[in-house]
Amino acid sequence: QVQLVESGGGLAQAGDSLRLSCAASGRAVTNSAMGWFRQAPGKEREFVAGVSWRGSTDYADSVKGRFTIFRENTKNTLYLQMNSLKPGDTAVYYCALVWANPFIVYKGRNEYHFWGQGTQVTVSS
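Residues numbered from 1 in each chain as written. Predicted model: local features only at pLDDT ≥ 70, side-chain atom pairs only at ≥ 80, totals over all residues. Heavy atoms only, no water.

Visitor: Tell me what's going on with the side chain of D89, and back it up with residues and numbers.
Guide: Mapped onto the secondary structure, D89 falls in the loop between strand 8 (77-82) and strand 9 (91-99). A distance of 2.8 Å separates the side chain of D89 from the side chain of R66, its partner in a polar contact. The contacts of D89, once residues within four sequence positions are left out, are R38, R66, F67, S84, V121 and V123. (Helix = DSSP H or I, 4+ residues; strand = E, 2+ residues; numbered from the N terminus. Polar contact = N/O pair within 3.5 Å; in protein donor to acceptor, adjacent residues only side chain to side chain. Contact = heavy atoms within 4.5 Å.)

Below, the structure written as structure tokens:
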């Protein structure tokens with residue numbers, strides 16, 4: 001088992017930057033894939049960004065060029081650097097983890113086995 005705790009959310013204005021963190025505990029994240037999802041009110045939880053154990057990344061089209069996902073495995077921590085924020089980025093952001101193929105970036109929410117509790121990001125215009 002692993003516990004995931006997100007932090008770094010908050011209020012921002014359009015154009016601002018925020019960095020989310022996701023700290024994993026209880027088990028080392030070796031050979032895991034990790035990802036960020038978000039859920040806005042009344043909408044489905046959607047994929048934002050993912051990173052494989054080997055460091056491959058993928059992004060939703062809506063955040064490409066603005067968000068960067070990266071991980072520090074020695075610290076068991078996942079990050080999401082969010083630049084040029086837009087009001088449409090307002091959502092609860094969740095990190096997720098799965099132990100699977102170390103070369104693959106997983107994009108489906110049903111592919112992840114462990115989830116954090118989420119952190120709210122609110123972007124005003």
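Visitor: Any details on the sheet that holds strand 1 (residues 3-7)? Residues and values, ideally.
Guide: Spatially, 1-3-8-7 is the arrangement adopted by the 4 strands of the open sheet, whose pairing is antiparallel. The outermost strands of the open sheet, each flanked by one partner alone, are strand 1 and strand 7 (67-72). Taking each pair of neighbouring strands and ignoring which way they run, the sheet shows an average axis angle of 15 degrees. Strand direction decides the pairing type here: strand 7 and strand 8, joined by 6 bridges, are antiparallel. Paired with I69 across the two strands is L80, which belongs to strand 8. (Pairing = 2+ DSSP bridges. Axes fitted to C-alpha atoms, helices over the stretch in contact; angles between N-to-C directions.)

Visitor: If you had to explain the pattern of salt bridges to someone new, which residues and values would you point to?
Guide: Enumeration according to the criterion identifies 7 salt bridges in this entry. E44 is the partner of R109 in a salt bridge, and the nearest nitrogen-oxygen pair spans 2.7 Å. One end of the pair, R109, is in the loop between strand 9 and strand 10 (114-115); the other, E44, is in the loop between strand 4 (32-39) and strand 5 (46-51), with 65 residues separating them in the sequence. A relative accessible area of 33% places R109 in the partly exposed class. For K75, the salt bridge goes to E72, with nearest N and O atoms at 3.8 Å. When its relative accessible area of 53% is taken as the criterion, K75 is described as exposed. If you follow the salt bridges from partner to partner, you end up with R38, E46, R66 and D89 in one network. (Salt bridge = Lys/Arg side-chain N within 4 Å of Asp/Glu carboxyl O. Buried < 20%, exposed > 50% of the residue type's maximum accessible area, 1.4 Å probe, protein only.)

Visitor: Give a description of unusual backbone geometry that names residues and reports values.
Guide: Excluding glycine, residues mostly carry a negative phi; peptide bonds, for their part, are mostly trans. The backbone of N31 sits at a positive phi, close to 65 degrees, despite the residue not being glycine. Tracing the sequence through the fold places N31 in the loop between strand 3 (18-25) and strand 4.

Visitor: Can you tell me about the nonpolar core, naming the residues and giving the values?
Guide: Within the largest apolar cluster, 38 residues are counted, with the highest numbers of intra-cluster contacts made by L4, W36, L80, M82 and Y93. Within the residue set of this core, elements represented by two or more residues are strand 3, strand 4, strand 5, strand 7, strand 8, strand 9 and strand 11 (119-124). Among the elements that make up this core, the one with the highest residue count is strand 9 (7 residues). Beyond its immediate sequence surroundings of up to four residues, L80 is in contact with L18, R19, L20, W36, V48, A49, F67, T68, I69 and Y93. (Core = buried A, V, L, I, M, F, W, Y, C linked by side-chain atoms within 4.5 Å.)

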